[in-house]
Amino acid sequence: MEKTATARREAQPGETRWDLRAEPGRIISLLGTAGSGLTRLGLSMLAEASQRNLVAVVDVRGWLSPIAAFEVGIDPEHLVVVRSKDRQQWSQVVAALIEGLHVVYAEVPIGISDTHLRRLAALTRSRRGALVLRPLDGRLPSGVSHLTLQSEEVVWKGAGAGHGHLRGRHLQMRAWGKGVGGAERLFEVEDDGENALRVVAGMVTPSAGRAAG
Amino acid sequence: MWWPEWSLRRQDAPPDRPCFVVQSETGGFRVVTANAPARSAGVASGMPRREAEGLCPGAVVLERDLGAETNDFEPALVAIEDLVPKAEVVEPGLVFVPIQGALRYYGGEIPLLERMVDRLSAWPGGRLGVARGPFAARRAAVLAVEAPLRVDDDAAFLSNLAVDALPHEDLVATFRWLGIGTLGELSRLPRGAMASRFGEPGLAAHRLASGEDRMVAPREIPEDISVEQRYEEPLRSLDQIGFAARALAGRLITALGERGVAPHRVEVSVMAADRTERIRVWRSANPFTEHALTERVWWQLRAWIETAGVPGGIVRLCLQPADLSDAGRQLSLEDDTVSQLEAARALNRAQALVGPDAVLQAKVQGGRRFSEQVSWFRWGEEPAVPQRSLDAPWPGRVPSPSPALVPPEAQPIEVEWDGGMPVRVRLRNRWEMVTAWAGPWRLAGRWWEGEESVERYQVVTAVSALLCEVRDGSAFVVGLYD
């Protein structure tokens with residue numbers, strides 16, 4: 001996590017606190033089912049860059065709500081939503097955006113070839129752009145992502161048995177890839193619904209042993 | 001209103017000999033206007049001075065004096081403003097008059113035009129064009145040689161005009177080279193392709209050709225953005241007002257620049273020592289720079305002083321911006337110009353691939369449903385004026401946080417109920433237990449539009465949280481808290 005997160009305030013005892021954000025030349029992939037909170041997490045990674053420059057979201061389904069983007073801190077004047085439903089065109093659109101924008105969040109439609117994804121990864125690295133990919137199904141081929149974040153569990157706060165309303169959530173995520181130094185990590189993200197998301201606790205898990213013999 | 005030969009209304013311009021007026025521009029002097037004898041020798045507006053002198057060697061060449069022209073133009077403006085207030089001056093001899101509000105008072109366009117022609121008969125040579133947007137009105141005025149020309153449909157009127165009417169000289173040459181001769185031919189090209197090939201100027205040209213001129217005040221004007229200066233000693237000398245104009249114009253452009261905008265229109269208002277107030281609006285097709293604004297404020301103040309419009313001198317000067325745009329703002333040193341250009345190019349390319357309707361920006365507006373709370377507009381275009389006020393109460397609105405995914409059409413979903421409480425929901429092929437829920441929020445339908453009332457629930461399962469609508473016993477997903 002150290003390479004993709006920056007401390008903003010002193011950590012409290014027993015607590016590690018980071019802000020997630022996209023970094024130049026890096027690809028972050030977000031894995032998990034729809035409804036597990038990954039869209040807000042991905043959007044929050046664009047918030048800091050949007051204070052200075054235009055950022056783009058490639059919306060494959062045409063479902064993205066910009067209100068959620070504004071809630072996580074994206075500057076409304078700097079958010080551009082590109083709707084690309086055509087699978088054949090998707091990689092061209094993302095490539096065009098990576099050529100000129102610092103940060104792009106893109107949903108990945110089902111059926112995009114590994115070759116196209118690897119080309120996009122190479123382009124992102126060469127252009128020093130930052131790309132956050134959210135596959136609608138499955139995973140990305142190995143070697144594409146600098147950091148992979150997978151949603152493990154989501155706990156909602158605020159709603160009861162017919163009373164209250166949703167106020168926030170706790171996400172438990174698993175992270176792996178070069179972005180966390182090769183070790184697999186579990187961490188929690190707190191989303192209070194109004195502000196940027198925060199990583200509130202992280203711990204290292206032992207990587208899987210390799211069988212020998 | 002346009003007086004094509006306003007620059008020739010000066011004492012030293014001979015009426016019976018060839019004569020033309022030149023103005024200093026980037027790249028040297030160019031002809032602004034020429035009288036009939038000079039025109040018959042081939043001199044035309046926009047021509048370089050040397051070329052004009054070559055065509056008409058004996059002509060009297062005069063250098064344009066915009067300050068003096070503004071002075072001379074002031075009485076004509078006062079006459080126009082007697083009929084319709086808030087005329088917008090572009091330069092001496094060219095003024096836009098917003099007549100929408102005055103039509104009812106005068107009983108329609110024709111009575112108003114008759115009065116205007118009658119009132120302006122003291123300044124012959126004026127041409128009057130009436131259209132919805134300034135660009136079409138200006139082109140109509142060019143053609144209104146004998147009588148006022150009224151345009152009912154801007155796009156249809158413009159479609160027959162040559163591309164030379166566009167303000168971008170280089171682009172016009174390229175369009176001609178590509179075989180595009182009229183604005184109609186240009187407007188029929190796909191806008192996305194224009195944006196991709198010619199960038200922002202191409203997009204602007206396409207909009208003008210399509211009759212989509214700049215909207216009036218398309219961007220929100222920040223409150224208290226006007227700049228004002230009061231003077232204990234009334235300003236009477238031209239030196240004093242020159243300094244005042246420069247200082248105030250500088251303050252305004254700097255303040256707007258900090259907000260990333262620049263004005264297309266500025267209202268200049270002064271108070272005289274005898275408490276008389278004078279107001280004039282200046283307009284520019286391109287956003288005002290500090291230098292351009294200083295010049296106009298200076299011309300206006302000078303005209304008022306020299307025509308005794310501010311008895312006793314100026315005790316208060318105020319500049320109020322309007323019709324703000326970030327398109328032509330001055331970039332500060334911290335702005336990464338290259339980044340902006342690259343971003344614009346990338347988005348133009350995306351527009352070319354997916355079409356202009358699929359590259360969008362959004363603005364928040366009021367509404368009861370999340371889908372209603374967003375006003376979309378194409379990237380590169382001015383935002384639409386929000387249809388619903390944010391400040392209205394919007395009963396039935398679900399509190400934030402908002403769902404990150406809102407399907408354009410409600411998606412049917414199977415929900416199992418027990419005594420009015422959701423127990424299970426079917427997600428894809430699996431039933432998931434409901435772990436928590438909130439609601440219902442009742443949304444009363446607009447029965448007069450045939451809209452049903454619905455009840456909305458937030459439903460939480462182990463894997464996701466949904467916003468559901470229930471109507472007529474059927475459940476639909478209208479938001480996904482992803």
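Residues numbered from 1 in each chain as written. Chains lettered and ligands numbered in written order. Predicted model: local features only at pLDDT ≥ 70, side-chain atom pairs only at ≥ 80, totals over all residues. Heavy atoms only, no water.

## Here's the deal with the overall build of chain A
Moving on, step 1. Counting its secondary structure elements, chain A contains five helices and 11 strands.
Moving on, step 2. Counting only residues that meet the buried cut, chain A has 55% of its 213 residues in that class.
Moving on, step 3. A sequence separation of at least 24 residues applies to 61% of the contacts in chain A between residues at least 6 apart.
Moving on, step 4. Surface accessibility of chain A: about 9000 Å² in total, with carbon and sulfur atoms responsible for 48%. (Helix = DSSP H or I, 4+ residues; strand = E, 2+ residues; numbered from the N terminus. Buried < 20%, exposed > 50% of the residue type's maximum accessible area, 1.4 Å probe, protein only. Contact = heavy atoms within 4.5 Å. Areas by Shrake-Rupley, 256 points an atom, 1.4 Å probe, with all protein chains shown as cover.)

## Overview of the overall build of chain B
Moving on, step 1. Regarding its fold elements, chain B presents 13 helices and 20 strands.
Moving on, step 2. Counting across all 482 residues of chain B, residues that qualify as buried make up 49%.
Moving on, step 3. Considering only contacts in chain B between residues 6 or more positions apart, those separated by 24 or more positions represent 56%.
Moving on, step 4. Here chain B displays about 23700 Å² of accessible surface, and carbon together with sulfur accounts for 50% of that area.

## What to know about the sheet that holds strand β2 (residues 28-34) of chain B
The strands making up a sheet are joined through hydrogen bonds of the backbone, oriented either antiparallel or parallel.
All names here are of chain B.
Moving on, step 1. The three strands are arranged β2-β1-β3 in an open sheet whose pairing can be described as mixed. Each of the sheet's edge strands pairs with one partner strand only, and the pair in question is β2 and β3 (60-63). Recorded for the sheet is a direction-independent mean angle of 40 degrees between the axes of neighbouring strands.
Moving on, step 2. The pairing of strand β1 (residues 19-25) with β2 spans six bridges and is classified as antiparallel. (Pairing = 2+ DSSP bridges. Axes fitted to C-alpha atoms, helices over the stretch in contact; angles between N-to-C directions.)

## Regarding the confidence of the model for chain A
Residues and elements named next belong to chain A.
Moving on, step 1. Averaged over all residues, the pLDDT of chain A is 80; the fraction at 70 or higher stands at 81%.
Moving on, step 2. Overall, residues 1-19 carries pLDDT values under 50, and its contacts beyond four positions in sequence, including any with other chains, amount to 43 contacts.
Moving on, step 3. The model gives residues 204-213 a pLDDT under 50, and that stretch makes seven contacts with residues more than four places away or in other chains. (pLDDT = per-residue confidence, 0-100.)

## Considering the pairing of strand β15 (residues 415-418) of chain B
All names here are of chain B.
Moving on, step 1. Across four bridges, the pairing between β15 and strand β16 (residues 421-427) is antiparallel. Each bridged residue has a counterpart across the sheet, and for Trp 417 the counterpart in β16 is Pro 422.
Moving on, step 2. Connecting β15 to the next strand, β16, in antiparallel fashion are two residues, including Gly 419 with a positive phi near 60 degrees.

## A short note on the packing of helix α11 (residues 238-258) of chain B against helix α12 (residues 290-306) of chain B
Residue and element names in this part refer to chain B.
Moving on, step 1. Where α11 meets α12, the closest approach of the two axes is 8 Å, and the angle between their N-to-C directions is 145 degrees. By crossing handedness, the relation of α11 to α12 is classed as right-handed. Residues Leu 238, Ile 241, Gly 242, Ala 245, Arg 246, Ala 249, Gly 250, Leu 252 and Ile 253 of α11 lie in contact with α12, whose contacting residues are Glu 290, Leu 293, Thr 294, Val 297, Trp 298, Leu 301, Arg 302, Ile 305 and Glu 306.
Moving on, step 2. Within the contact of α11 with α12, the residues separate by chemical class into 11 nonpolar, three polar and four charged. (Left-handed = near helix turned anticlockwise from the far one by under 90°. Nonpolar A, V, L, I, M, F, W, Y, C, P; charged D, E, K, R; others polar.)

## Re empty space enclosed by the protein
A probe matching the size of a water molecule, rolled over the atoms, marks out where space remains unfilled.
All names here are of chain B.
Moving on, step 1. Summed over the entire model, instances satisfying the criterion amount to one cavity of 30 Å³ or more.
Moving on, step 2. Surrounding the largest cavity, Gly 133, Phe 135, Ala 136, Asp 154, Leu 158, Arg 207, Leu 208, Gly 211, Glu 212 and Asp 213 form its lining.
Moving on, step 3. If you list the elements that add at least two residues to the lining of the largest cavity, you get α6 (134-143), α7 (154-159) and α10 (191-209). (1 Å grid on protein atoms, 1.4 Å probe; cavity = no way out; pocket = protein on both sides within 12 Å on 5 of 7 lines; lining within 4 Å. Points joined across faces, edges and corners; volume = space filled by probe spheres on them.)

## Looking at helix α3 (residues 66-83) of chain B
All names here are of chain B.
Moving on, step 1. Along its 18 residues, α3 runs 25 Å from first to last C-alpha, staying within 8% of the 26 Å computed at 1.5 Å per residue.
Moving on, step 2. Within α3, the axis deviates most sharply at Phe 73, by approximately 35 degrees, and proline Pro 75 lies no more than four positions further along.
Moving on, step 3. The complete set of buried residues in α3 reads Leu 66, Gly 67, Glu 69, Thr 70, Asn 71, Phe 73, Glu 74, Ala 76, Leu 77, Ala 79, Ile 80 and Leu 83.
Moving on, step 4. Sitting at the head of α3, Asp 65 places a side-chain oxygen 3.2 Å from the backbone nitrogen of Gly 67. (Expected span 1.5 Å × (residues − 1). Bend = angle between axes of the 7 residues up to and from the residue. Polar contact = N/O pair within 3.5 Å; in protein donor to acceptor, adjacent residues only side chain to side chain.)

## A short note on the environment of Tyr231(B)
Residues and elements named next belong to chain B.
Moving on, step 1. Within the element layout of this structure, Tyr 231 appears in strand β8 (residues 227-235).
Moving on, step 2. Placed 86 residues apart in sequence, Tyr 231 and Leu 317 show a C-alpha to C-alpha distance of 8.4 Å.
Moving on, step 3. The residues touching Tyr 231, leaving out its near neighbours within four places in the chain, are Ala 244, Ile 314, Val 315, Arg 316 and Leu 317.

## Things to note about the interface of chain A and chain B
Moving on, step 1. Counting residues at the interface gives 55 residues for chain A, matched by 46 residues for chain B.
Moving on, step 2. Of the roughly 4100 Å² buried at the junction of chain A and chain B (both faces included), carbon and sulfur atoms supply 61%.
Moving on, step 3. If you sort the residues of chain A by the area they bury against chain B, Trp63(A), Arg83(A) and Leu166(A) come out on top, with a joint share of 17%.
Moving on, step 4. Between the two partners, chain A and chain B, sit one salt bridge. (Buried area = accessible area lost by both parts, 1.4 Å probe. Salt bridge = Lys/Arg side-chain N within 4 Å of Asp/Glu carboxyl O.)

## Considerations on the pattern of salt bridges
Residue and element names in this part refer to chain B.
Moving on, step 1. Under the criterion given, the structure shown has 30 salt bridges over all chains.
Moving on, step 2. Among the salt bridges present, the one from Glu 53 reaches Arg 49, with a minimum N-O distance of 3.1 Å. You can see Glu 53 and its partner Arg 49 sitting in helix α2 (residues 49-55), four residues apart, about one turn around the helix.
Moving on, step 3. One network of salt bridges, in which partners are shared, links Glu 74, Glu 81, Arg 278 and Arg 280.

## Overview of the nonpolar core
Moving on, step 1. Formed by 56 residues in total, the largest nonpolar core has its most connected members in Leu301(B) and Leu319(B).
Moving on, step 2. At the level of elements, α3, α4 (103-106), α5 (109-119), β8, α11, β9 (262-272), α12 and β11 (314-325) of chain B are the ones that each hand at least two residues to this core.
Moving on, step 3. For this core, the element with the highest residue contribution is α11(B), accounting for nine residues.
Moving on, step 4. If you look at the next biggest cluster of nonpolar residues, it comprises 49 residues, including Leu41(A), Ala436(B), Val460(B) and Tyr481(B). (Core = buried A, V, L, I, M, F, W, Y, C linked by side-chain atoms within 4.5 Å.)

## Quick word on the side chain of Glu71(A)
All names here are of chain A.
Moving on, step 1. Here Glu 71 is to be found in helix α3 (residues 66-71).
Moving on, step 2. When its relative accessible area of 13% is taken as the criterion, Glu 71 is described as buried.
Moving on, step 3. Of note is the side chain of Glu 71, whose polar atom sits 3.0 Å from the side chain of Arg 40.

## Section: the sheet that holds β16(B)
All names here are of chain B.
Moving on, step 1. If you trace the seven strands from one edge of the open sheet to the other, you get β14-β20-β19-β18-β17-β16-β15, paired in antiparallel fashion. Each edge of the sheet is formed by a strand with only one pairing partner; in this case those strands are β14 (411-413) and β15. Strand-to-strand twist across the sheet, computed as the mean angle between neighbouring axes with direction ignored, equals 40 degrees.
Moving on, step 2. Pairing analysis gives three bridges linking β14 to strand β20 (residues 474-480), with the strands arranged antiparallel.

## Regarding the environment of Trp2(B)
Residue and element names in this part refer to chain B.
Moving on, step 1. Examined against the element boundaries, Trp 2 turns out to sit in the segment before β1.
Moving on, step 2. Between the C-alpha atoms of Trp 2 and Val 95, which are 93 residues apart in sequence, the distance is 6.6 Å.
Moving on, step 3. Beyond its immediate stretch of four places on either side in the chain, Trp 2 contacts Gly 93, Leu 94, Gly 125, Gly 126, Arg 127, Arg 138, Ala 141 and Val 142.

## Overview of helix α5 (residues 114-127) of chain A
Residues and elements named next belong to chain A.
Moving on, step 1. When the terminal C-alpha atoms of α5 are compared, their 20 Å separation across 14 residues agrees well with the 20 Å that a helix rising 1.5 Å per residue should span.
Moving on, step 2. Those residues of α5 that fall on the buried side of the exposure criterion are Leu 117, Leu 120, Ala 121, Leu 123 and Thr 124. Down the axis of α5, the buried side of the element spans an arc of 165 degrees, and every buried residue falls inside it. Along α5, exposed side chains directed more than 90 degrees from the buried face belong to Arg 119 and Ser 126.
Moving on, step 3. Looking at the packing, one finds that the buried side of α5 touches β3 (27-31), α4 (87-100), β6 (103-108) and β7 (130-135). (Arc of directions from axis to C-beta.)

## Considerations on the packing of α3(B) against α12(B)
Residue and element names in this part refer to chain B.
Moving on, step 1. For the pair α3 and α12, interaxial distance at closest approach is 8 Å and the crossing angle is 55 degrees. What the angle tells us is that α3 and α12 run oblique. Remark: the crossing between α3 and α12 carries right-handed chirality. On α12, the residues touching Leu 66, Gly 67, Ala 68, Thr 70, Asn 71 and Glu 74 of α3 are Trp 299, Gln 300, Arg 302, Ala 303, Trp 304 and Glu 306.
Moving on, step 2. Of the residues in the contact of α3 with α12, the class split is five nonpolar, four polar and three charged. (Parallel < 35°, antiparallel > 145°, perpendicular 65-115°, else oblique.)

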